[in-house]
Amino acid sequence: MSYFEHVKNAPLKKDAIIMGIETSCDETAVAIIKNGREILADEIISSATEHAKFGGVVPEIASRGHTTAILTATENALKSASLTFNDIDAFAVTEGAGLLGALLVGVSFAKSLAFALKKPLVPVSHIRGHISASYLADKTLEPPFITILASGGHTAIVAVKDYYNIEILGSTIDDAVGEAFDKVARVLGLQYPGGPNVERLAKSGKNTIKLPKMLKNYAGGEYDFSYSGLKTAVINYVHTEEQKGREVNKADIANSFQHSAIDVLIEKALKAVKKTGYNTIAVSGGVGANGYLRETLQNAVKGKNIKLILPEKRYCTDNGAMIGAEGYLQYLRGNFADLTLNAKAVLPLK
Ligand code: KG4
Ligand code: ZN
């Protein structure tokens with residue numbers, strides 16, 4: 001019997017233990033999740049420091065990092081949960097989107113485990129994984145809710161109608177917000193990863209520099225974003241000041257940029273709550289770890305009948321737990337891949 005015939009009719013267990021494997025960028029992450037809600041183990045080995053000197057992620061270094069780290073991360077996860085491979089009901093893995101070579105390490109590894117152990121292989125969308133991190137943050141959370149999806153590759157206001165059905169109300173028409181943080185960090189001479197460093201510098205600055213309003217005369221969707229103009233405005237401001245021989249206050253630039261980049265996310269999320277009547281806002285993606293975003297959002301919902309889900313910072317940035325959580329939902333649907341599963345650099349959010 002072929003592998004797929006063996007698992008395609010596997011009886012689904014409601015009490016399922018899923019291993020979530022994530023290798024789409026520079027984090028090798030392996031977690032073990034029970035019933036999509038309970039984290040039994042969560043290991044992350046990052047190659048971020050190796051990329052710092054290049055100012056951004058070097059795909060080849062990321063892929064090599066995964067090949068050396070994936071077995072250790074997996075063994076550590078099993079050890080910390082006091083489980084063995086036999087206890088795992090399915091292997092969920094990020095199939096995309098992300099760096100192709102990096103994704104291939106996780107996909108090949110998960111395929112080998114599923115094949116050898118004759119367990120289901122569950123393909124997971126990285127972005128759906130980010131959204132599902134909220135189910136770990138609040139075990140009682142149920143759709144519908146609005147999520148602010150803010151990562152290095154995506155920026156969107158998403159209506160999560162039910163566990164499987166999501167609607168993108170609006171998204172960026174150019175750069176993602178995390179990408180803008182990283183590019184602004186670079187022009188300010190800050191190291192990769194840029195987001196946390198811009199946040200740190202912004203703490204000692206003030207919101208004094210006027211930056212252009214996003215999509216001022218834009219006729220597109222009211223939930224859309226554009227970060228390219230904002231990023232360019234910051235770069236131009238720095239260059240102009242330098243050319244004029246004036247000293248730039250980098251902390252003020254970081255603070256002003258952070259306000260412009262984040263405030264609009266919150267504004268549009270609140271608008272989406274009004275429009276849909278969903279009274280829960282969740283945060284997902286790496287920029288969700290931003291302290292200014294978290295604080296401003298907490299203040300913005302005060303006194304309103306809006307529940308706020310703020311996953312711990314570790315579960316906003318890339319992790320294996322979110323893949324296990326989303327993997328559980330896909331497992332319940334019997335969404336199993338066969339061994340032809342391939343990594344996808346681009347995977348549309350649907
Ligand atoms: O979700 P994520 O870990 O990976 C992607 O799927 O892209 O997001 C990474 C992005 C990077 O652009 C990083 O600079 C940004 O999230 N980020 C932050 C913070 N922490 C990470 N941006 C602003 N403030 C932070 N504290
Ligand atoms: Zn991510």
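Conventions and cut-offs
- Residues numbered from 1 in each chain as written.
- Chains lettered and ligands numbered in written order.
- Predicted model: local features only at pLDDT ≥ 70, side-chain atom pairs only at ≥ 80, totals over all residues.
- Heavy atoms only, no water.
- Near = heavy atom within 4 Å.
- Polar contact = N/O pair within 3.5 Å; in protein donor to acceptor, adjacent residues only side chain to side chain.
- Helix = DSSP H or I, 4+ residues; strand = E, 2+ residues; numbered from the N terminus.
- Nonpolar A, V, L, I, M, F, W, Y, C, P; charged D, E, K, R; others polar.
- Pairing = 2+ DSSP bridges.
- Axes fitted to C-alpha atoms, helices over the stretch in contact; angles between N-to-C directions.
- Contact = heavy atoms within 4.5 Å.
- Buried < 20%, exposed > 50% of the residue type's maximum accessible area, 1.4 Å probe, protein only.
- Core = buried A, V, L, I, M, F, W, Y, C linked by side-chain atoms within 4.5 Å.
- Phe/Tyr/Trp six-rings, centres within 6.5 Å; stacked < 30°, edge-to-face > 60°.
- Parallel < 35°, antiparallel > 145°, perpendicular 65-115°, else oblique.
- Left-handed = near helix turned anticlockwise from the far one by under 90°.
- Donors = N, O, S within 2.8 Å, 3.2 Å for Na, K, Ca; no water.

A. How the structure looks around the site of ligand 1. Around ligand 1 lies a shell of 19 residues, among which H130, G152, D182, E199 and G286 are the nearest. In this structure, an oxygen atom belonging to ligand 1 sits 2.9 Å away from a main-chain N or O atom of G286. Within the backbone of D318, an N or O atom sits 3.2 Å from an oxygen atom of ligand 1. Mapped by element, the contributors of at least two residues to the shell around ligand 1 are α5 (126-137), α6 (177-187) and α7 (194-202). Its residues assigned to classes, the shell around ligand 1 shows 5 nonpolar, 11 polar and 3 charged.

B. Spatial organisation of the sheet that holds strand β6 (residues 145-150). What the 5 strands build is an open sheet, ordered β8-β7-β6-β9-β10; its pairing is mixed. In this open sheet, the two edge strands, each paired with only one partner strand, are β8 (166-171) and β10 (307-309). The sheet shows a mean angle of 20 degrees between the axes of neighbouring strands, direction not considered. Inspection of the sheet shows β6 paired to strand β7 (residues 155-160) by 6 bridges, in the antiparallel sense. Residue pairing for β7: I146 is matched across the bridge by A159. Against the sheet, helix α10 (residues 291-301) makes contact with β6, β9 (280-284) and β10, and its axis sits at roughly 165 degrees relative to β10, the strand it touches most.

C. Representation of α10 within the structure. Residues of α10 that are buried include every one of G291, Y292, L293, R294, L297, A300 and V301, and no others. Buried residues in α10 make contact with β6, α7, α9 (250-276), β9 and β10. Phi turns positive one or two residues past the end of α10, at G303, with a value near 80 degrees.

D. Summary view of the environment of D174. Positionally, D174 belongs in the loop between β8 and α6. With relative accessibility at 32%, the residue D174 sits in the partly exposed group. Separated by 53 residues in the primary sequence, D174 and Y227 place their C-alpha atoms 6.6 Å from one another. Setting aside residues up to four positions removed in sequence, D174 forms contacts with F225, S226, Y227 and S228.

E. Structural view of the nonpolar core. Formed by 46 residues in total, the largest nonpolar core has its most connected members in I157, Y227, F257 and L265. Put simply, the parts of the chain that give this core at least two residues each are β6, β7, α6, α7, α8 (228-243), α9, β9 and α10. Take this core: its biggest share by element is 11 residues, from α9. When residues no more than four places from it in sequence are discounted, the contact partners of L265 are I148, A150, T155, I157, V177, F225, Y227 and L293. Residues I17, I21, I70 and I88 belong to the second largest nonpolar core, which totals 28 residues.

F. How the structure looks around the packing of aromatic side chains. Overall, the coordinates contain 6 aromatic pairs when judged by the stated rule. Considering the side-chain rings of Y135 and F145, the 5.9 Å spacing of their centres and the 80 degrees angle between planes classify their relative orientation as edge-to-face. Of this pair, Y135 sits in helix α5 while F145 sits in strand β6; the two residues are 10 residues apart in sequence, bridging distant segments of the chain. Each member of the pair, Y135 as well as F145, is classed as buried. For the ring pair F225 and Y227, a centre distance of 6.2 Å and an interplane angle of 15 degrees mean the geometry is stacked. Of the two residues, F225 and Y227, both sit in the buried class.

G. View of the packing of α8 against α9. Between α8 and α9, whose axes approach to 11 Å, the crossing angle comes to 165 degrees. Taken together, the axes of α8 and α9 lie roughly antiparallel to each other. Note that α8 runs across α9; the crossing there is right-handed. Seen from α8, the contacting residues are L230, V234, Y237 and V238; seen from α9, they are I253, F257, S260 and A261. Grouping the constituent residues of the contact of α8 with α9 by class yields 7 nonpolar, 1 polar and no charged.

H. Representation of the coordination of the zinc ion (ligand 2). Taken together, H126 (NE2), H130 (NE2) and D318 (OD) make up the full set of protein donors to the zinc ion (ligand 2), lying 2.0 to 2.1 Å away. In the primary structure, the donors to the zinc ion (ligand 2) are separated according to the pattern H-x3-H-x187-D. Of this pair, H130 sits in helix α5 while D318 is found in the loop between β10 and α11 (321-332), placing the two residues 188 residues apart along the sequence. A relative accessible area of 1% means that H130 is categorised as buried.

I. Inspection of the side chain of E241 at higher detail. With respect to the secondary-structure elements, E241 resides in helix α8. The buried category is assigned to E241, whose relative accessible area is 11%. With sequence-adjacent residues up to four places away left out, E241 is seen in contact with R246 and V248.

J. Quick peek at the pairing of strand β3 (residues 38-46). Where strand β2 (residues 27-34) lies against β3, 8 bridges are found, and the strand directions are antiparallel. Note on β3: the bridge partner recorded for E27 is S46. Hairpin geometry of β2 and β3 is characterised by an intervening segment of 3 residues between the two adjacent antiparallel strands and by a positive phi of about 55 degrees at N35.

By themselves, these are just geometric observations and shouldn't be taken as functional.
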